[in-house]
Amino acid sequence: TVVFSENTPYIHHPKIQKTAMGTESIVPTRKGNLSYLKKPLIALETMKDAPSIYNFSFPQTFSLLLGNEEYGLKEQTLRQADEVVKIPLVGSKNSLNVANAFAIAASFIKKQLSFC
């Protein structure tokens, strides 16, 4: 399930529908805040000292937090996270498009947890 924060455009927004390319009607979605999410809360962020997702053992059940492409997760959200992990990058850029970051993380998590 994709949970949208209260301040995030929801599935009826034209840009969301364009980006989702029809999947907004297939993937379960809802609006909510962090209190509704399964624990632990694992934030995917570009923090310098965060461990690499490739060296992190993901639990069977958790919620993955992703932030805005330009600003990342809010400080308040990061303080509430149980863990913060990053995708290691090479070069001068330190961030990825949020969809690309999720695709990388989801692929690795799927492989690590070995479920289809």
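Notes on the structure follow. (Residues numbered from 1 in each chain as written. Predicted model: local features only at pLDDT ≥ 70, side-chain atom pairs only at ≥ 80, totals over all residues. Heavy atoms only, no water.)

So, on to the overall build of the protein. A count of helical and extended segments in the protein gives 3 helices and 5 strands. Over its C-alpha trace the protein gives a radius of gyration of 14 Å, about what one expects of a compact globule, namely 13 Å for 116 residues. Principal-axis analysis of the C-alpha atoms gives the protein an extent of 35 × 35 × 30 Å. A buried classification covers 29% of the 116 residues belonging to the protein. Of the contacts made within the protein by residues no fewer than 6 positions apart, 68% connect residues no fewer than 24 positions apart. Accessible surface, the protein: about 8,300 Å² in total, of which carbon and sulfur atoms supply 54%. Side-chain charges of the protein comprise 13 positive and 9 negative groups, with the mean position of each set lying 4 Å from the other. (Helix = DSSP H or I, 4+ residues; strand = E, 2+ residues; numbered from the N terminus. Rg over C-alpha atoms; globule rule 2.2 N^0.38 Å. Buried < 20%, exposed > 50% of the residue type's maximum accessible area, 1.4 Å probe, protein only. Contact = heavy atoms within 4.5 Å. Areas by Shrake-Rupley, 256 points an atom, 1.4 Å probe, with all protein chains shown as cover. Lys, Arg positive; Asp, Glu negative; His and termini not counted. Charge placed at Lys NZ, Arg CZ, Asp CG, Glu CD.)

What follows deals with the pairing of strand 3 (residues 41-44). Of the two faces of strand 3, the one lined by Leu41 and Ala43 and the one lined by Ile42 and Leu44 are each fully buried. Bridge count for strand 3 against strand 4 (residues 63-65) is 3 bridges, and the pairing is parallel. The residue bridging isoleucine 42 from the neighbouring strand is leucine 64, located in strand 4. Sheet topology note: the strand 3/strand 5 (residues 83-85) ladder contains 3 bridges and is parallel. Across the sheet, residue alanine 43 finds its bridge partner in strand 5, namely valine 84. (Pairing = 2+ DSSP bridges.)

Across all of its chains, the model carries 5 aromatic pairs by this definition. Note on phenylalanine 4 and tyrosine 10: the rings are 5.2 Å apart at their centroids and 85° apart in plane angle, and the pair reads as edge-to-face. The pair formed by phenylalanine 4 and tyrosine 10 is uniform in burial state, with each residue classed as buried. Taken together, the ring pairs in this structure connect Tyr54, Phe56, Phe58, Phe62 and Phe108 into an aromatic cluster. (Phe/Tyr/Trp six-rings, centres within 6.5 Å; stacked < 30°, edge-to-face > 60°.)

What follows concerns helix 3 (residues 98-113). Compared with an ideal rise of 1.5 Å per residue, which puts 16 residues at 22 Å, helix 3 spans 22 Å between its outermost C-alpha atoms and is within 8% of the ideal. On the buried face of helix 3, the contacting elements are strand 3 and strand 4. The distance from a side-chain oxygen at the start of helix 3 to the backbone nitrogen of alanine 99 is 2.8 Å, and the residue carrying that oxygen is asparagine 97. After helix 3 finishes, the residue serine 114 shows a positive phi value of roughly 55°. (Expected span 1.5 Å × (residues − 1). Polar contact = N/O pair within 3.5 Å; in protein donor to acceptor, adjacent residues only side chain to side chain.)

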